[in-house]
Amino acid sequence: MATSEIKRGLEFWKNIAIENDFREFLFRERNNNLWTNNRLFAAGLGTDPMCTYCKIKSGHTANRESFGHLFFDCSITTKLINQAQIHVGETAEKDSSLFRTTYWFGTGSIVDENGTENVNFDWAKMLFWEVFRYRLWKNRQYRILPNIEKVMREVLFGLHIIAISSNKWKQRLLTTNYNLGNITAQG
Ligand SMILES: [Zn+2]
């Protein structure tokens, strides 16, 4: 990740009320310092470098749990991303470069009233997929294969907490073309 993108990611935890676990996840993710299984294994701290999700699903797997595998290429993750895309109305193909930049950096395209497509940075998209990856990480820690209903509930709840704790973030979350439901509603 470029320095500017790391900085943008780290700006999250300067000014919003988020749980410490999420803060730590962001910090480690943005600094490429998450303890995935292949990294634990390489450091002599783990005995199995293979993907947690693939193993739960199939019992046996040839896929190592690298950062890229766990958060993007894994078949479990791919399915969840595809389903989450439908929920929020993300139309770019998962493997397109447009979606990759949206997924990792929050840079998506917005079509204006004249039908012109503008590529813009979208804080809400960045935050949505960041919380999405955090939930993937938490479910992995609990050794749970999450379904999309669970993940969407967790992500939208996380966004709701952020929206009601920060006006700045509330505005950012409201000015997106993603369908995030009524994330600012109480309760
Ligand atoms: Zn996998």
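Procedures and definitions
- Residues numbered from 1 in each chain as written.
- Predicted model: local features only at pLDDT ≥ 70, side-chain atom pairs only at ≥ 80, totals over all residues.
- Axes fitted to C-alpha atoms, helices over the stretch in contact; angles between N-to-C directions.
- Helix = DSSP H or I, 4+ residues; strand = E, 2+ residues; numbered from the N terminus.
- Parallel < 35°, antiparallel > 145°, perpendicular 65-115°, else oblique.
- Left-handed = near helix turned anticlockwise from the far one by under 90°.
- Contact = placed C-beta atoms within 7 Å.
- Core = buried A, V, L, I, M, F, W, Y, C linked by C-beta atoms within 7 Å.
- Buried ≥ 20, exposed ≤ 12 C-beta atoms within 10 Å, placed from the backbone.
- Arc of directions from axis to C-beta.
- Expected span 1.5 Å × (residues − 1).
- Nonpolar A, V, L, I, M, F, W, Y, C, P; charged D, E, K, R; others polar.

Here helix 9 (residues 123–141) crosses helix 10 (residues 148–165) at 125°, and the two axes come no closer than 9 Å. Put simply, helix 9 runs oblique to helix 10. Crossing of helix 9 over helix 10 shows right-handed handedness. Here helix 9 contributes Leu127, Phe128, Val131, Phe132 and Arg135 to the contact with helix 10, which in turn contributes Val151, Glu154, Val155, Gly158 and Leu159.

It is characteristic of soluble globular proteins that their nonpolar side chains tend to be buried jointly. With 33 residues, the main nonpolar core has Leu127, Phe128, Val131, Phe132, Leu159, Leu173 and Leu180 as its most contacted residues. Taken together, the elements giving at least two residues each to this core come down to helix 3 (20–30), helix 5 (52–58), helix 6 (67–73), helix 7 (75–88), helix 9, helix 10 and helix 11 (167–174). The dominant element in this core, judged by the number of residues it contributes, is helix 9, at nine residues. Apart from residues lying up to four places away in sequence, Leu159 is in contact with Leu127, Phe128, Val131, Leu173, Leu180 and Ile183.

Every buried residue belonging to helix 3 is among Phe22, Phe25 and Leu26, and all of these are buried. Looking straight down helix 3, one finds that the buried residues subtend no more than 100° of arc, so they occupy a single side. Asn32 occupies a position one or two residues after helix 3 and carries a positive phi of about 50°.

Between the first and last C-alpha of helix 7 there are 20 Å, a value that for 14 residues agrees with the 20 Å anticipated at 1.5 Å per step. Within helix 7 the residues assigned to the buried category are Thr77, Leu80, Ile81 and Val88. Along the axis of helix 7, the buried residues cluster in a sector spanning 100°; they form a single face. Along its buried surface, helix 7 packs onto helix 5, helix 6, helix 9 and helix 10. Just downstream of helix 7 lies Gly89, where phi reads positive at about 80°.

The phi dihedral of Asn32 falls on the positive side, at around 50°, and the residue is not glycine. Relative to the elements of secondary structure, Asn32 occurs in the loop between helix 3 and helix 4 (37–42). Phi at Arg143 is positive, roughly 60°, even though this residue is not glycine. Examined against the element boundaries, Arg143 turns out to sit in the loop between helix 9 and helix 10.

What describes two packed helices is the angle between their axes and the distance between those same axes. Running from N to C, helix 10 and helix 11 cross one another at 130°; their axes reach a closest spacing of 5 Å. With respect to helix 11, the axis of helix 10 lies oblique. Contacts between helix 10 and helix 11 pair Leu159, Ile162 and Ala163 from the former with Trp169, Lys170 and Leu173 from the latter. Residues of the contact of helix 10 with helix 11, tallied by class, amount to five nonpolar, no polar and one charged.

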